[in-house]
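Structural overview for review
Okay, here's what each chain looks like letter by letter:
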Amino acid sequence: MINIEIDGKKIIADEKKNILEIAIENNIDIPSLCYHPDIYPKEACRLCMIEIEGKRGLFTSCSTYPEEGMIIRTNSEEILKTRKTNLKLMFSQHIEKCNTCLWNNKCKMMKYAKEWGICINEWEDRKKDYPKYDFGGAITYDSSKCINCSNCVDICKNQGIDFLEIENKGSFYSIIPSKNKNKDCVYCGQCVVHCPSGTFSSVDPSLKIEEEIENNKYVVFQFAPSIRTSIGEEFNMEYGSVVTEKIIAGIKKLGAKKVFDVSLGADLVTIEEANELIERLQTKKRLPMFTSCCPAWVKFVEFYKPDFIPNLTEVKSPQILLGGIIKTYFAEKENIDPKNIIVVSVMPCTSKKYEANREELKINGLKCVDYVLTTHELARMFIKNNIDISKIEGENKDELLGIASGAGVIFGSSGGVAESAIRTACYKLLNKKIDKIDFKEFRGHEGIKEASVKINDIEIKIAVVNGLINAKKILEDYPKKFDYVEVMSCPGGCVGGGGQPVPVNKNIRKKRADSLYQIDQNENIRIADENPTVQSIYKEFLKDKRVINKIAYTKFFKKQKEN
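Residues numbered from 1 in each chain as written. Predicted model: local features only at pLDDT ≥ 70, side-chain atom pairs only at ≥ 80, totals over all residues. Heavy atoms only, no water.

1. Digging into the sheet that holds strand S16 (residues 448-455)
Sheet strands pair via backbone hydrogen bonds, and the direction of the pair is either parallel or antiparallel. Taken together, the four strands give an open sheet; going across it, the order is S13-S18-S17-S16, and neighbouring strands pair in mixed fashion. At either end of the open sheet lies a strand with only one pairing partner, and these are strand S13 (289-290) and S16. Across eight bridges, the pairing between S16 and strand S17 (residues 458-466) is antiparallel. Counterpart to isoleucine 455 in the pairing with S17 is isoleucine 458. In the packing of helix H15 (residues 468-477) onto the sheet, the strands contacted are S13, S16, S17 and strand S18 (484-488), and the crossing angle to S17 comes to about 140°. (Pairing = 2+ DSSP bridges. Helix = DSSP H or I, 4+ residues; strand = E, 2+ residues; numbered from the N terminus. Contact = heavy atoms within 4.5 Å. Axes fitted to C-alpha atoms, helices over the stretch in contact; angles between N-to-C directions.)

Here it is as structure tokens:
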């Protein structure tokens, strides 16, 4: 720790942190655009300029580290002049499409332009004819909005994918999808939430959904576990605010016939996944078993590591399984032709859009999920229809498919799938309710967490993996060390998904996750097997292996380059 001074404020600073990080910690505002704590600083936007007493010129605070006695100024005429010029240059390579932008009403570029009195169209847009790219019907990349910060390139590399590349064009450069046949997008969407200019966005089906509602179709919504602790941010609520009943009320106001909780689908997945794990442990075949509820991870295995396809659990993901239940069990109970049911999933994830369109997931020729909205897209639908969930009165879940356990809710955080499955595996192998419900060794947002659980004479060696770069390490270095491996592509799991609200960082992801675990802690039902709705579904519908296989299981295949 060393002594420095910023704008007259004396600070004891960590010499391993850059000046921008120190300023943020001490509530000193230094303008910045490309800086993100998940990515190594690279001086791209050059808005975070500072002066250092005794040194000539300006310095970028994101790449400058403190020295004992350093005196720093963050505002001067020269600094402001430089910032204005750099911002004008960014606007000259950024087509403004504000109304549909992820950053609308949160945009730093527009904020600084107003504060500094900049005309954003002073210089001609040099990227007006740059192309758009579509990745798997899940993500759109509009290169005419790109400000060349290269955050997308860095986060894609951090994920171990390296699909986005820098192409030099004379004195300029642009970001392009790789033409290398051995590289492909997995649709995790981290480029979306780490791009400060809205260049990347999810493919939004909201207009089609509104049309289905207007045409009086039987539209059923289902929302993922993590949505309840993140969507409130879009309405200026505290990070981690739990708004489950408010989401239901808001969706009903949009015109949905029914609203269900994907946490119930997670309960069903938990039971089948625990069954499959026990069988594999007993036969010692196809170990380790990998989770498959994250479609970006599944695509990663299918494209980059196809030799491990047999290790993926063949249980469908919660959104697909519950969608299938809605179009079979629910349709039969309510005497509705499943062809007339439109299932809309609200997900924290862009890769779920890709997953919903996989042919092998259809049941009786019908897609289990017809449309997938991200958290942000649902919030935008609410705002468009003057629905403020910070003020709306909540409503309870619809009956028949209305109950979910706490184990289903924690699917939204890294480690939650493994914890849920082990709760049920213990329950089944011991044939009684277990004393230990909380497996805290699975929790947290470290890259790789290891644990061992002994049930009778069976020891289960478990890894919980956070981010695809860490999954790559497991596959390459320790494939036989574990029996069961949970993998979530996004930092922190679904709480940090590519469809979640921005901004996002480690602290925000933690608050979202902590709230999910608190919901679980407060639930009376915390094991999937004890859920009475789950018990009814098995008793009345999933009666034999043939039906279970049709509704709950699938196959995965080696993939060729799609983008």
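There's more to say after this.
2. Overview of the domain arrangement of the chain
The domain boundaries assigned to the chain delineate domain 1 (2-88), domain 2 (98-202) and domain 3 (206-299 + 314-536). A straight line from the C-alpha centre of domain 2 to that of domain 3 covers 29 Å. At the interface, 24 residues of domain 2 touch 26 residues of domain 3. For the domain 2 and domain 3 pair, buried surface summed over both sides reaches about 2000 Å², with 56% attributable to carbon and sulfur atoms. Applying the counting rule to domain 2 against domain 3 returns two salt bridges. With a closest N to O distance of 3.1 Å, lysine 299 and aspartate 184 form a salt bridge. (Domains from an automatic or database assignment. Buried area = accessible area lost by both parts, 1.4 Å probe. Salt bridge = Lys/Arg side-chain N within 4 Å of Asp/Glu carboxyl O.)

3. A word on the layout of surface pockets
Taken as a whole, the largest pocket encloses approximately 1100 Å³ of empty space. Lining the largest pocket are 32 residues, with Ile24, Tyr35, Pro37, Lys108 and Asn505 sitting closest to its centre. Secondary-structure elements contributing two or more residues to the lining of the largest pocket are helix H1 (19-25), helix H3 (108-116), helix H5 (190-194) and helix H16 (506-522). Top element by residues in the lining of the largest pocket is H1. It accounts for five residues. Of the residues that constitute the lining of the largest pocket, the class distribution is 16 nonpolar, seven polar and nine charged. By volume, the second largest pocket amounts to about 590 Å³. Lining the second largest pocket we find 26 residues, and of these Thr100, Ser201, Ser202, Asp204 and Arg380 sit closest to its centre. Put simply, the parts of the chain that give the lining of the second largest pocket at least two residues each are strand S7 (139-142), strand S10 (200-202), helix H6 (206-214) and helix H12 (375-384). The dominant element in the lining of the second largest pocket, judged by the number of residues it contributes, is H12, at five residues. Within the lining of the second largest pocket, the residues separate by chemical class into six nonpolar, twelve polar and eight charged. A domain-level breakdown of the lining of the second largest pocket finds at least three residues from each of domain 2 (98-202) and domain 3 (206-299 + 314-536). (1 Å grid on protein atoms, 1.4 Å probe; cavity = no way out; pocket = protein on both sides within 12 Å on 5 of 7 lines; lining within 4 Å. Points joined across faces, edges and corners; volume = space filled by probe spheres on them. Nonpolar A, V, L, I, M, F, W, Y, C, P; charged D, E, K, R; others polar.)

4. Thoughts on empty space enclosed by the protein
According to the stated counting rule, one finds four cavities of 30 Å³ or more in the structure shown. Counted as a void, the largest cavity has a volume near 230 Å³. Lining the largest cavity are 24 residues; nearest its centre among them are Cys293, Pro348, Lys352, Met488 and Cys494. Only helix H9 (295-304), helix H10 (318-334) and helix H11 (351-356) provide two or more residues apiece to the lining of the largest cavity. Class assignment of the residues belonging to the lining of the largest cavity gives a composition of 16 nonpolar, seven polar and one charged. Lining the second largest cavity we find 14 residues, and of these Cys156, Leu164, Cys185, Cys188 and Cys191 sit closest to its centre. Contributing elements (two or more residues each) for the lining of the second largest cavity: helix H4 (151-158) and H5.

5. A closer look at the pairing of strand S2 (residues 9-13)
Bridging between strand S1 (residues 2-6) and S2 involves five bridges; their strand directions are antiparallel. Each bridged residue has a counterpart across the sheet, and for asparagine 3 the counterpart in S2 is isoleucine 12. The turn joining S1 and S2, which pair antiparallel and follow one another in sequence, is formed by two residues; a positive phi near 50° is taken by aspartate 7.

6. A word on the side chain of serine 202
Position of serine 202 relative to the elements: it lies in strand S10. A distance of 2.5 Å separates the side chain of serine 202 from the side chain of glutamate 377, its partner in a polar contact. (Polar contact = N/O pair within 3.5 Å; in protein donor to acceptor, adjacent residues only side chain to side chain.)

7. Let's talk about unusual backbone geometry
Each neighbour pair has its own omega, and for leucine 287 with proline 288 the value is 0°, a cis peptide bond. In this structure, proline 288 sits in the loop between helix H8 (262-283) and S13. Valine 502 connects to proline 503 through a cis peptide bond whose omega is 0°. Phi angles above zero are rare outside glycine, and asparagine 148 is one such case at about 65°.

8. Some thoughts on the packing of aromatic side chains
Note on aromatic pairs: each is described by the distance of the centres and the angle between the planes. Tallied over the full model, the rule gives 15 aromatic pairs. Geometrically, the ring pair formed by tyrosine 187 and tyrosine 354 is tilted, given 4.4 Å between the ring centres and 35° between the ring planes. Of this pair, tyrosine 187 sits in the loop between strand S9 (172-177) and H5 while tyrosine 354 is found in helix H11, placing the two residues 167 residues apart along the sequence. Accessibility assignment for this pair places tyrosine 187 and tyrosine 354 in one class, buried. Plain terms: the ring middles of phenylalanine 290 and tryptophan 297 are 5.6 Å apart, the flat faces sit at 80° to each other, and that makes the pair edge-to-face. (Phe/Tyr/Trp six-rings, centres within 6.5 Å; stacked < 30°, edge-to-face > 60°. Buried < 20%, exposed > 50% of the residue type's maximum accessible area, 1.4 Å probe, protein only.)

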